[in-house]
Amino acid sequence: MDELNGKMLACQILVTGLIARVANEQRDPLRFLTDFRDEIKAVVKGIGIGGIDNSDRVRQIAQQTVDELFSLMKPPSSD
């Protein structure tokens, strides 16, 4: 289980870095991030989750993970 958690954390860091890189290349990075976050949340809200009894709990955790990923992003430094 620890190996799976480590791999998930690595994926989250990678995705966060990729999103931040793309956002920095946009004319309006904040708007890009806001739109992208909203699109990801819509996908999580509408995706089909099969094979479990309580898909609402999985969906809630996925939404929290999206919020955590975007909360890690800080505005560009002035350096």
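Residues numbered from 1 in each chain as written. Predicted model: local features only at pLDDT ≥ 70, side-chain atom pairs only at ≥ 80, totals over all residues. Heavy atoms only, no water.

**A short note on the nonpolar core**
Counting seven residues, the largest nonpolar core is built from Ile19, Ala23, Leu33, Val44, Val66, Leu69 and Phe70. Looking at this core, the elements that each hand over two or more residues are helix H1 (2-24), helix H2 (29-46) and helix H3 (55-71). Here this core gets three residues from one element, more than from any other, and that element is H3. Residues contacting Leu69, with those up to four places away along its chain left out, are Gln12 and Thr16. (Core = buried A, V, L, I, M, F, W, Y, C linked by side-chain atoms within 4.5 Å. Buried < 20%, exposed > 50% of the residue type's maximum accessible area, 1.4 Å probe, protein only. Helix = DSSP H or I, 4+ residues; strand = E, 2+ residues; numbered from the N terminus. Contact = heavy atoms within 4.5 Å.)

**Section: the packing of aromatic side chains**
Applying the stated criterion to the full structure yields one aromatic pair. Note on Phe32 and Phe36: the rings are 5.8 Å apart at their centroids and 15° apart in plane angle, and the pair reads as stacked. Placement of the pair is Phe32 and Phe36 together in helix H2, with a separation of four residues, close to one helical turn. (Phe/Tyr/Trp six-rings, centres within 6.5 Å; stacked < 30°, edge-to-face > 60°.)

**Structural notes on H3**
Along its 17 residues, H3 runs 24 Å from first to last C-alpha, staying within 8% of the 24 Å computed at 1.5 Å per residue. All of the buried residues in H3 are Arg59, Gln63, Val66, Leu69 and Phe70. Buried residues along H3 cover an arc of 120° about the axis, so they all sit on one side. (Expected span 1.5 Å × (residues − 1). Arc of directions from axis to C-beta.)

**Observations regarding the pattern of salt bridges**
For the coordinates displayed, the defined rule picks out four salt bridges. The shortest N-O distance in the salt bridge between Glu25 and Arg21 comes to 3.4 Å. Note on Arg21: relative accessible area 58%, which makes it exposed. Of the charged contacts, one joins Arg37 and Asp38 as a salt bridge, the two residues approaching to 3.1 Å between their closest N and O atoms. (Salt bridge = Lys/Arg side-chain N within 4 Å of Asp/Glu carboxyl O.)

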